[in-house]
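Each chain, written out:
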Amino acid sequence: MTKHPPIKRDKALHGLSKDHHQGLLLCFKIRHGIKLGVDGERINKYCKWFWQTYLKLHFSIEEEFVFPVLGRDDALVKQVLEEHKHLEELFHRQQSDYDYLRKIEHDLEAHIRFEERVLFNKIQDIATEQELDTIAKNHAGESSCAVWEDEFWR
């Protein structure tokens, strides 16, 4: 596995990066649940809850307050908007098999890594102080997940 140096993240994007960490934890939980042989329905129930409770709002904040820094015509923004649409469609499917869950895990992790390593770096390089302030003010959400009673990943 390739080690990536730590990214110096602008303070205005810290909350969104913490959200990304929670998304990566979801990916870990999916992988670990599959490794443990947990019934896909249990894993999928958590995925659906995570989408509705956290990821849907996170995408909305990014689309409304972060991506406009680059503009809708920017190639990176077009890419992540397509990925958001794809991930939303994945989370809405009525499937619970391991192949489906692995697809969510793989695609969500790739998306988060791209945003953190490429998109957010470009945004923080060109955003004005006012734009960064707007991003910070509009991400007031909690960045740690609530307790889920069925901890299938343990």
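Computed from a predicted model, the values in this text were never measured in an experiment.

Undergrad: Lay out the packing of helix α2 (residues 40-66) against helix α4 (residues 98-126) in plain terms, naming residues and giving numbers.
TA: Across the interface, α2 lies against α4 with an axial gap of 12 Å and an inter-helix angle of 25°. In terms of orientation, α2 and α4 fall into the roughly parallel class. You can see that α2 and α4 cross each other, and the crossing is left-handed. Residues Gly40, Ile43, Asn44, Cys47, Lys48, Leu55, His58, Phe59, Glu62 and Val66 of α2 lie in contact with α4, whose contacting residues are Tyr98, Tyr100, Leu101, Leu108, His111, Glu115, Phe120 and Ile123.

Undergrad: Can you lay out α2 for me, pointing to particular residues and giving the numbers?
TA: Taking 1.5 Å as the rise per residue, α2 with 27 residues should run 39 Å; its terminal C-alpha atoms sit only 34 Å apart, a clear shortfall. At Trp51, α2 shows its largest bend, some 45°.

Undergrad: Residue-level account of the nonpolar core, with values.
TA: With 26 residues, the main nonpolar core has Leu26, Ile30, Ile43, Tyr46, Phe91 and Leu108 as its most contacted residues. Put simply, the parts of the chain that give this core at least two residues each are α1 (14-35), α2, α3 (75-92) and α4. At 9 residues, α2 tops the list of elements feeding residues into this core. Sequence-distant contacts of Ile43, that is, excluding residues within four places in its chain, are made with Ile30, Gly33, Ile34, Val38, Tyr98, Leu101 and Phe152. Leu16, Phe120, Ile123 and Ala127 belong to the second-largest nonpolar core, a separate cluster that totals 19 residues.

Undergrad: Before we move on, could you go through the pattern of salt bridges and cite the residues and values that matter?
TA: Within this structure, the stated rule accounts for 10 salt bridges. For Asp133, the salt bridge identified is with Lys137, shortest N-O distance 3.0 Å. Taken together, the positions of Asp133 and Lys137, both in helix α5 (residues 129-137) and 4 residues apart, correspond to about one turn of that helix. Taking relative accessible area as the criterion, Lys137 reaches 61% and is therefore assigned exposed. Within this structure, Arg31, Glu105, Glu109 and Arg113 form a network of salt bridges that share partners.

Conventions used here
Residues numbered from 1 in each chain as written. Predicted model: local features only at pLDDT ≥ 70, side-chain atom pairs only at ≥ 80, totals over all residues. Heavy atoms only, no water. Axes fitted to C-alpha atoms, helices over the stretch in contact; angles between N-to-C directions. Helix = DSSP H or I, 4+ residues; strand = E, 2+ residues; numbered from the N terminus. Parallel < 35°, antiparallel > 145°, perpendicular 65-115°, else oblique. Left-handed = near helix turned anticlockwise from the far one by under 90°. Contact = heavy atoms within 4.5 Å. Expected span 1.5 Å × (residues − 1). Bend = angle between axes of the 7 residues up to and from the residue. Core = buried A, V, L, I, M, F, W, Y, C linked by side-chain atoms within 4.5 Å. Buried < 20%, exposed > 50% of the residue type's maximum accessible area, 1.4 Å probe, protein only. Salt bridge = Lys/Arg side-chain N within 4 Å of Asp/Glu carboxyl O.

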